[in-house]
Amino acid sequence: MYDYDLLVVGSANADLVVGVERRPGAGETVLGGDLAVHPGGKGANQAVAAARLGARTALLARVGDDGHGTLLLDSLRSAGVDTSAVLAGGAPTGVALITVDPSGDNSIVVSPGANSRLTEGDVRADVVGAARVVSAQLEIPLETVAAVVRALPEDTRFVLNPSPPRPLPVEVLAACDPLVVNEHEARVLLGDQEAGDDPADRARRLLALGPRSVVVTLGAKGALVCDASGVHAVPSVAVAAVDTTGAGDAFTAALAWRLGAGEELPVAAAYAARVGAAAVTRRGAQESYPTAADVAALDA
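This one's a predicted model, so the numbers in the text were calculated from it and none came from an experiment.

1. Some remarks on the overall build of the protein chain
Working step 1: For the protein chain, the helix and strand inventory stands at eleven helices and 13 strands.
Working step 2: Dimensions of the protein chain, computed from the C-alpha atoms along their principal axes, are close to 50 × 45 × 40 Å.
Working step 3: Burial statistics for the protein chain: of 300 residues in total, 54% are counted as buried.
Working step 4: With 23 positive and 36 negative side-chain charges, the protein chain shows a separation of 1 Å between the mean positions of the two kinds.

2. With respect to the layout of surface pockets
Working step 1: Roughly 1300 Å³ of internal volume is contained in the largest pocket.
Working step 2: What lines the largest pocket is a set of 47 residues, and nearest its centre among them are Asn182, Thr217, Thr244, Ala247 and Gly248.
Working step 3: At the level of elements, strand S2 (13-19), helix H1 (42-53), strand S6 (94-100), strand S7 (106-111), strand S10 (176-182), helix H6 (183-190), helix H9 (247-260) and helix H10 (265-279) are the ones that each hand at least two residues to the lining of the largest pocket.
Working step 4: In terms of residue count, the dominant contributor to the lining of the largest pocket is H9 (five residues).

3. Considering the environment of valine 170
Working step 1: Along the chain, valine 170 turns up in helix H5 (residues 170-175).
Working step 2: Judged by its relative accessible area of 69%, valine 170 is exposed.
Working step 3: Taking C-alpha positions, valine 170 is 24 Å from leucine 6, a pair spaced 164 residues apart along the chain.

4. Points about the sheet that holds strand S13 (residues 230-234)
Working step 1: Within the open sheet, the nine strands sit side by side as S5-S4-S1-S8-S9-S10-S11-S12-S13. Their pairing is mixed. Only two strands of the sheet have a single neighbouring strand rather than two, namely strand S5 (86-88) and S13. Each neighbouring strand pair of the sheet contributes to a mean axis angle of 20°, computed without reference to strand direction.
Working step 2: Both strand S4 (residues 57-63) and S5 contribute to a ladder of three bridges, which runs parallel. Bridged to valine 63 within S5 is alanine 88.
Working step 3: Relative to the sheet, H6 contacts strand S9 (157-161), S10 and strand S11 (214-217), its axis offset from that of S10 by approximately 110°.

What counts and what doesn't
- Residues numbered from 1 in each chain as written.
- Predicted model: local features only at pLDDT ≥ 70, side-chain atom pairs only at ≥ 80, totals over all residues.
- Heavy atoms only, no water.
- Helix = DSSP H or I, 4+ residues; strand = E, 2+ residues; numbered from the N terminus.
- Buried < 20%, exposed > 50% of the residue type's maximum accessible area, 1.4 Å probe, protein only.
- Lys, Arg positive; Asp, Glu negative; His and termini not counted.
- Charge placed at Lys NZ, Arg CZ, Asp CG, Glu CD.
- 1 Å grid on protein atoms, 1.4 Å probe; cavity = no way out; pocket = protein on both sides within 12 Å on 5 of 7 lines; lining within 4 Å.
- Points joined across faces, edges and corners; volume = space filled by probe spheres on them.
- Pairing = 2+ DSSP bridges.
- Axes fitted to C-alpha atoms, helices over the stretch in contact; angles between N-to-C directions.
- Contact = heavy atoms within 4.5 Å.

Right, dumping it as structure tokens:
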């Protein structure tokens, strides 16, 4: 019935990465290592991560008609992603400027470029309707995400990672199943005065905003899932982190794919946690993403 297990609607960026001993403070200059250029962007990352795991995956996105766009398309296709809905032109390909410290933590500044030109008119109902699950993020215009929600068939599941976070309209929140956030994104959506210090409380407050379910990722502490049945903890997987860039995207992609395969939310989230753990053991974003065999080896 479905052409795709997962359709990702979102951004595609070239990641410009520099390793630093420590990230600079305001007004400070620090020296870093050699510049590395990698394919990235939350949308493209999710698509590659899902395809590497074995999901039939497509991407709806916009890149520039430039070298960075070619880099992204080559990476997507080599991973097995269907790129027939990726548009080109209108602006330079988006770029993410990333610094990574020795612990693997990163800071990111994004220049959206062509991603900001992915409009409501680019949302193809035939592509959206061909997927069992649709996943989106907020590195594209919120109006475009809302158009995706309006185009969803009744039996298609919608997964949203609201990153970078911003207030969400009721129609988008109501479609999320789940809304996937890290602790920072949770605080922004709730407002600092309501965030509190208890992740479980934050998960319940987020659910009260209107999504059908919520997942709060906690980094090395695992994750929490929350729906009408309550809050459930998802354990972490202990690994030696090398680079956390793109790990959240791998988690969300794996979660969306497994939900589409019929797994319950806690089970899918536990698998996604293993995928995210495998991703942080390698440098880069897309090149760090594991295959299903890699994830199985992590469990061994």
